[in-house]
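Fold and geometry: a report
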Amino acid sequence: MRYELDPVRVRKILGNKKQFIMGDMAIAYGGLLAGVGFFGGYPITPASEVAEGMARMLPRAGGTFIQMEDEIASMAAIIGAAWSGTKTMTATSGPGFSLMMENYGYAIMTETPCVIANVQRTGPSTGQPTQGAQGDMLQTRWGSHGDMMAIALCPSTVQECLDMTIEAFNLSEKYRHPVVLLADGEVGHLREKVVIPDVDEMELIERIEATVDKDKFIPYSESQTNPGSKVPDFPTFGSGYRSYVTGLTHNDMGFPATDKQPDHERLINRLVSKITDDREKLTDVEEIELEDAEIVFVTYGASARPAESAVRMARAKGIKAGMLRLKLVWPFPEKAIYELSKKVSKIIVPEMSLGQMVHPVREFAAKDCEVIVAPKVGGVMHLPVELLAYLEEGSQ
Amino acid sequence: MSEMINQTEMREKYLRKGMLPSIFCNGCGHGSSLDYTFRAIEELGLDLDNMVFASGIGCSSRIPGYINADGLHTTHGRSLAFATGVKAANPELDVVVFSGDGDATGIGGNHFIHAARRNIDITVIILNNFIYGMTGGQVAPTSPKGTIATTAPYGNLEGAFDISELAKSLGAAYVARWPVFYPSQPIKSIKDAIQTKGFSLVELMSPCPTAYGRRNKLGNIKKLWDWYEDNSILAEEYDKIMNYGTDEEKAETINKIKIGVFQHTEKVGFFEAYEEQIANLMANDDKKWGGSK
Ligand SMILES: Cc1ncc(C[n+]2csc(CCOP(=O)(O)OP(=O)(O)O)c2C)c(N)n1
Ligand code: SF4
Ligand SMILES: [Mg+2]
């Protein structure tokens, strides 16, 4: 590889350890710290600042930035670059994310590590370009045709925009899967303090590259380096493995097996279970006032902030309120939700939509726990008092 | 490189045998492009370990599967955007893209014009059969007016893209078009295209007896090849007739497809320019940071 990011330069370009920056910029910082070598993107509010930050900083650190002709091409280019051996990333919002679905599926099928930062807005269609929302929670999970799994993280603060971008890269490298950072316009455009982690304060995971003899290499089966892992070793282009990468159903050798039922079944089950096997290990939640809670929010992203205020206000009034914040939304933390639902009488899911994550919450909650959505549409956040009203009503 | 290697030895050396038999119908023109590409690689002495063959979706896009090198069989029309990424992260790779007329100028038209405009240093081989072959003979953006296709059952009314003309107008560094049954010109063009810096296109007119020929009364292969022969003309000859010919000659020639090398220049590829920009930026930073990184 020619374009390797120079971490020493990255540190110098980023500057002071403590800064006051926008969520979008923190995403760009996270990408650089994780070692992104290629960024391909297309402008869209409220995500453009990620691309702009990358355009300014990435070449100076030795990486490549290209503004592609659209989001279909952006997604294509980051996948191509990943196969040349670098970490890759794009950033977009609703309409662009919809366009990316075709090659998002391709990345899943071909087990290509890459990161998509989606600074969400609403829809359908162009919707409210300059307003934040949480419109793609389910598109992330179900957006491609066919069976698939998703990995997605939801930052609630600017610091998390940075930290979770690094985490997104780590998960994508580990599972050879596209990982979506599901920020929203609110947190993307928010300015807050961030602390840039030192080298010894962050862990970086790299994909396992193929090292077995070339004639013994099996490109689409369990790892040959890491026995028991369902994630195959990565044969970087140009490394002599001469591998064939296709979005068609393929057998273990990567050859098309489009009319072979057992091959398809084995492939799809491995693609999904390589992630779902680790569902509990991956579960990442924050618990607030849950010990004795009777009525709780299950939240994510920007809406966690007014929800937390509402919990504090409710507690001051003697209401046994609490909150579970999902930091990783996909694969869905089924067990955490089920266990929570057995302890509380009501779960309220505040969402900047008419309700998306309320559906999996309801699916995995115990039958006798009531689950409702607290919807807020139109591009504004819930007010804490609005959410407090849900707690007051629910506790009567 | 050895000129002596014969076709059998060449196939032995370059074919990805696990992928055989090929999906191509009897009489399909696409297979020849494989032999031409092998021959070009052999004559240039290129290292297959350092080559990546990308493609979209279509019969033509299956070609990289049969070449024993890294292959990226992508989504319909998107191969050039994928290839841009491949090259971006490792500009030292020789990247060759195979595409169909529908793949490159229908669904992928936008990526085609932008890869050419950006001057990404790759070689694109488009197998133009003037039809959507793989899906059974639907009309393509390249189908001549009057073509009968499953989705143009009463005759195509739309104007057709001239792919080479399009690439030329976009400033592609190398542009050539040949019927696939010309034995030596396609090989020479593939070699020149690979060696030319910048975006290079080789358009091969490649008959599809199954989905095009049958419906357009060109069912047997001989008839289809004759049609190609009768309806194409060397660019130099075309220009001569249009400049100096009689009205009759002009009328007979004007709708023929020009073949030949249309453009052959050297253009600094995008990534070469990019590398220079990076070097300048780093030198500036080093100065600012006091010599050390
Ligand atoms: C997004 C999408 N739309 C449609 C298709 C169906 N499709 C597969 S191949 C093809 C046409 C290919 O035509 P061309 O590129 O000319 O290749 P040929 O088969 O003629 O060589 C189409 C429409 C697809 N695979 N993906
Ligand atoms: S359908 Fe046409 S293009 Fe496809 S393999 Fe058959 S002859 Fe070739
Ligand atoms: Mg075609």
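Residues numbered from 1 in each chain as written. Chains lettered and ligands numbered in written order. Predicted model: local features only at pLDDT ≥ 70, side-chain atom pairs only at ≥ 80, totals over all residues. Heavy atoms only, no water.

A tally of regular secondary structure across chain B gives twelve helices and eight strands. Seen through its principal axes, chain B has C-alpha atoms that stretch 75 × 45 × 40 Å. Within chain B, residue pairs in contact and separated by at least 24 positions form 69% of the contacts whose partners lie at least 6 positions apart. (Helix = DSSP H or I, 4+ residues; strand = E, 2+ residues; numbered from the N terminus. Contact = heavy atoms within 4.5 Å.)

Residue and element names in this part refer to chain A. For strand β2 (residues 36-41), the buried fraction is high: six of the six residues fall into the buried class. One ladder, built from three bridges, connects β2 with strand β4 (residues 87-92); its direction is parallel. Bridging from a neighbouring strand, F39 pairs with M89 of β4. Here four bridges tie β2 to strand β3 (residues 64-67), and the two strands are oriented parallel to one another. Looking across to β3, one finds that F39 is bridged to F65. Remark: the β2/helix α3 (residues 48-57)/β3 crossover connection has right-handed handedness. (Buried < 20%, exposed > 50% of the residue type's maximum accessible area, 1.4 Å probe, protein only. Pairing = 2+ DSSP bridges. Right-handed = clockwise from strand over helix to strand, strands pointing away.)

What follows concerns the sheet that holds strand β12 (residues 321-326) of chain A. Sheets are built from strands paired through backbone hydrogen bonds, the pairs being either parallel or antiparallel. Residue and element names in this part refer to chain A. Judged by pairing direction, the sheet is mixed, and its five strands sit side by side in the order β10-β12-β11-β14-β15 without closing on themselves. Pairing within the sheet leaves two strands with one partner each, and these edge strands are β10 (285-288) and β15 (370-375). This sheet shows a mean twist of 20 degrees between the axes of neighbouring strands, independent of strand direction. By the bridge criterion, six bridges tie strand β14 (residues 346-351) to β15 in an arrangement that is parallel. Paired with K346 across the bridge in β15 is E370. (Axes fitted to C-alpha atoms, helices over the stretch in contact; angles between N-to-C directions.)

With that out of the way, let us pick up the pairing of strand β11 (residues 295-299) of chain A. Residues and elements named next belong to chain A. Of all five residues that make up β11, five are buried, and the element is covered over most of its length. Neither face of β11 is exposed, since I295, F297 and T299 on one face and V296 and V298 on the opposite face are all buried. Alignment of β11 against β12, held across five bridges, turns out to be parallel. Bridge pairing in β12 places T299 opposite R325. Once the chain exits β11 it traverses helix α11 (residues 304-316) before rejoining the sheet at β12, and the crossover so formed is right-handed. In the sheet, β11 pairs with β14 via three bridges, with the strands oriented parallel. By the bridge assignment, F297 is partnered in β14 with I348.

Residue and element names in this part refer to chain B. Listed as protein donors to the magnesium ion (ligand 3) are D101 (OD), N129 (OD1) and I131 (O); their distances from the metal cover 2.1 to 2.2 Å. Each donor residue of the magnesium ion (ligand 3) belongs to the same chain, with the gaps between them written as D-x27-N-x1-I. With D101 in helix α4 (residues 101-107) and N129 in the loop between β4 (123-128) and α6 (163-169), this residue pair connects regions lying 28 residues apart in the sequence. Residue D101 shares its accessibility class with N129, and that shared class is buried. (Donors = N, O, S within 2.8 Å, 3.2 Å for Na, K, Ca; no water.)

The next subject is the confidence of the model for chain A. Summarising the model, chain A shows a mean pLDDT of 97, and 99% of its residues fall at 70 or more. Mean pLDDT values for the elements of chain A range from 96 in helix α1 (residues 7-14) of chain A up to 99 in strand β6 (residues 151-153) of chain A. (pLDDT = per-residue confidence, 0-100.)

Turning next to helix α14 (residues 384-394) of chain A. All of the buried residues in α14 of chain A are L387, L388 and L391 of chain A. Buried residues in α14 of chain A, looked at end-on, bunch into an arc of 105 degrees, giving them a common side. (Arc of directions from axis to C-beta.)

What follows deals with the site of ligand 1. The environment of ligand 1 is made up of 18 residues, and the closest members are C59, S60, D101, D103 and G133 of chain B. The residues that come close to ligand 1 belong to more than one chain, namely chains A and B. In the model, an oxygen atom of ligand 1 is placed 2.9 Å from a nitrogen or oxygen of the H30 of chain B side chain. At 2.9 Å from an oxygen atom of ligand 1 is found a main-chain nitrogen or oxygen belonging to G102 of chain B. Protein chains bury 76% of the 590 Å² of accessible surface belonging to ligand 1 in isolation. (Near = heavy atom within 4 Å. Polar contact = N/O pair within 3.5 Å; in protein donor to acceptor, adjacent residues only side chain to side chain. Areas by Shrake-Rupley, 256 points an atom, 1.4 Å probe, with all protein chains shown as cover.)

Of note, the bond from G123 of chain A into P124 of chain A is cis; its omega dihedral lies within 30 degrees of zero at 0 degrees. When you line up the elements, P124 of chain A lands in the loop between β5 (114-120) and α6 (137-142). The amide bond that connects L20 of chain B to the next residue, P21 of chain B, takes the cis arrangement and shows omega of 0 degrees. When you line up the elements, P21 of chain B lands in the loop between α1 (7-14) and α2 (30-44). The phi torsion at E111 of chain A lies on the positive side, around 55 degrees, for a residue other than glycine. Inspection of the secondary structure puts E111 of chain A in the loop between α5 (94-110) and β5. Residue N119 of chain B is not a glycine yet carries a positive backbone phi of 60 degrees. Residue placement: N119 of chain B occurs in the loop between α5 (109-118) and β4.

Our next topic: the pattern of salt bridges. Applying the stated criterion to the full structure yields 43 salt bridges over all chains. Through salt bridges with shared partners, a single network forms among E289, D292, E308, R312 and R315 of chain A. (Salt bridge = Lys/Arg side-chain N within 4 Å of Asp/Glu carboxyl O.)

With that settled, consider the nonpolar core. Side chains of a nonpolar character, in soluble globular proteins, are inclined to be buried together. Of all hydrophobic cores here, the largest spans 84 residues; its most connected members are V298, V329 and I347 of chain A together with L72, F112, I122 and F199 of chain B. Per element, the largest residue contribution to this core is eight residues, and it comes from helix α4 (residues 71-83) of chain A. Other than its neighbours up to four places away in sequence, V329 of chain A contacts M137, A152, C154, L182, Y300 and M357 of chain A. M22, A28, F65 and M89 of chain A belong to the second largest nonpolar core, which has 58 residues in total. (Core = buried A, V, L, I, M, F, W, Y, C linked by side-chain atoms within 4.5 Å.)

Residues and elements named next belong to chain A. With mixed pairing, the seven strands of this open sheet are ordered in space as β3-β2-β4-β5-β7-β6-β13. In this open sheet, the two strands that pair with only one neighbour each are β3 and β13 (328-330). Going from strand to strand, the sheet's axes swing by 20 degrees on average, the running direction of each strand aside. Bridge analysis of β5 against strand β7 (residues 178-184) gives seven bridges, and the strand direction is parallel. Its bridge partner lying in β7, A117 is registered against L181.

Attention shifts here to the interface of chain B and chain A. Across the boundary between the two partners, chain B contributes 47 residues, which contact 49 residues of chain A. Summing both sides of the interface, chain B and chain A together bury roughly 4,300 Å²; the carbon and sulfur share of this comes to 57%. Counting the contacts that link chain B with chain A gives five salt bridges. Notably, a salt bridge pairs D285 of chain B with R60 of chain A, separated by 2.8 Å at the nearest N-O pair. On the surface where chain B and chain A come into contact, there are 21 residue pairs in polar contact (both at pLDDT 80 or more). (Buried area = accessible area lost by both parts, 1.4 Å probe.)

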